[in-house]
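Structural overview
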Amino acid sequence: MALGKNELAELVAGDIPDGAYVNLGIGQPTSIARYLSPDSGVILHTENGMLGMGEVVPDEQADWDLTNAGKQPVTELPGAAYFHHADSFAMMRGGHLDVCVMGAFQVSAGGDLANWHTGAADAIPAVGGAMDLAAGAKQVWVMMTLFTKSGEPKLVPACTYPLTGKACVTRIYTEVATFHITPEGVRVTATYGIEADELAAKLDVKLLF
C-alpha cells in the first residue's frame, strides 16, 4: 500500500545520517523530528535561529518562546543554542547544513525545485528561506505527494512554476516511491503499493529501476 504521512516521515528520518545537521522545511517535513532516534546525534536547525530543536508539541504544552520557522511550538533538546536570524542564514548559505528536507509544488528530472509560488494570480508567494537552503545545503531532499489533488504529476520533465533552485534536489520521497536524482537520470529506489510499469506510465519522466 501507499505510505501514510507518518510512515513517510519515519522513512525519511531513517535515511538521515547520524550526526547530521538538518533543516526541516515548513509543512509535512516537520513531522520527521518525532521519528529521529535520540542517539542518532542529528541536530535540527531552524532558520529563525535555533540549533538543537525538538519536535512540534501541542498548544497546551507550548512554550511560545520556542517555535520553528512555521511558528509552531517546539521543544528544545539538551545543548540547544539560539542566535540571530542573520547568523542562521549564514549557516544556511555557508554550506554548513548536511541535509534539508522541503516540500515542493514541482521537481524536474534534472533536480530543479519549485516550491514557493504556483504563478497563479490569487496565490500568495512564500519563499522564506527556501532559496537559501536550496543553494546552501549539501543535500536537498523533497518530501511530497507524487500527484496533485487533480492527479497531475509533480515530478516533471521541466518545472512550469517559478524556480526555487536549479539542479539542487538529490532525493524525492513520496507516498508511492522514492527517487534519487542522479547524473544518469531519475532512479527509483523503492515503490510502495504500485508496480514499476504502472508508475512509469503515470509519469512523463524516464525512470531508471
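Please refer to the structure higher up on the page.
Attention here is on the structure that accompanies the text. Starting afresh in each chain, residues are numbered from 1 along the sequence in its written order. Two thresholds apply to this predicted model, a pLDDT of at least 70 for residue-level local features and 80 or more for giving and counting side-chain atom pairs, whereas whole-chain, interface and lining totals are computed over all residues. As a convention, hydrogens and water are excluded, and side-chain values are obtained from all of the structure's heavy atoms.

**Comments concerning the pairing of strand E10 (residues 169–173)**
Burial classes follow relative accessibility: with a 1.4 Å probe on protein chains only, a residue under 20% of its type's maximum area counts as buried, one over 50% as exposed, and anything between as partly exposed. Numbering goes from the N terminus for both helices and strands, where a helix is a DSSP run of H or I of at least four residues and a strand is a run of E of at least two. For E10, the tally of buried residues reaches 4 of 5 residues, placing the bulk of the element in the interior. Two strands pair under a simple rule: DSSP has to find at least two bridges between them. Both strand E8 (residues 139–143) and E10 contribute to a ladder of 4 bridges, which runs parallel. The partner of Met-143 across the bridge, within E10, is Tyr-173. Strand direction decides the pairing type here: E10 and strand E11 (residues 177–182), joined by 3 bridges, are antiparallel. The residue of E11 that forms the bridge with Arg-171 is His-180.

**Quick look at helix H2 (residues 85–93)**
Those residues of H2 that fall on the buried side of the exposure criterion are Ser-88, Phe-89 and Met-92. Projected down its long axis, H2 shows its buried positions confined to an angular sector of 95°, all on one face. Note on H2: the residue one or two positions beyond its end, Gly-95, has a positive phi of about 80°. Note that the arc is computed from the directions linking the helix axis to the C-beta atoms.

**As for the packing of aromatic side chains**
In this scheme Phe, Tyr and Trp rings, the latter by its six-membered ring, pair at centre separations within 6.5 Å, and the angle between planes marks the pair as stacked below 30 degrees, edge-to-face above 60, and tilted otherwise. If you walk through the whole model with that rule in mind, you get 2 aromatic pairs. Look at Phe-105 and Tyr-161: their rings are 6.2 Å apart centre to centre, the planes differ by 90°, and that puts the pair in the edge-to-face class. With Phe-105 in the loop between strand E5 (99–102) and strand E6 (106–108) and Tyr-161 in the loop between strand E9 (155–156) and E10, this pair connects stretches of sequence that are 56 residues apart. Judged by its relative accessible area of 34%, Phe-105 is partly exposed. Given the relative accessible area of 28%, Tyr-161 is considered partly exposed.

**Observations regarding helix H1 (residues 5–15)**
Those residues of H1 lying buried are Leu-8, Ala-9, Val-12 and Ala-13. Each buried residue of H1 sits inside an arc of 135° when the element is viewed along its axis, so together they form one side. In this fold, the buried residues of H1 make contact with E5, E8 and E10. By definition, residues are in contact when any of their heavy atoms lie within 4.5 Å.

**As for the pairing of E11**
Counting the residues that bridge the hairpin from E10 to E11 gives 3 residues. Across 6 bridges, E11 lies against strand E12 (residues 185–191) in antiparallel orientation. Note that in E12 the partner of Phe-179 across the bridge is Val-188. The turn linking E11 back onto E12 is made up of 2 residues.

**Focus on the nonpolar core**
Here, nonpolar core means buried Ala, Val, Leu, Ile, Met, Phe, Trp, Tyr and Cys residues that are tied together by side-chain atoms lying within 4.5 Å of each other. Counting residues in each nonpolar core, the largest one holds 32 residues, and the members touching the most others are Leu-113, Val-169, Ile-172, Phe-179 and Leu-199. Looking at this core, the elements that each hand over two or more residues are H2, E5, helix H3 (130–136), E8, E10, E11 and E12. Not counting chain neighbours up to four residues away, the residues in contact with Val-169 comprise Val-107, Gly-111, Leu-113, Val-140, Val-142 and Ile-181. Among the nonpolar cores identified, the runner-up in size contains 24 residues, and Leu-3, Val-12, Ala-20 and Val-22 belong to it.

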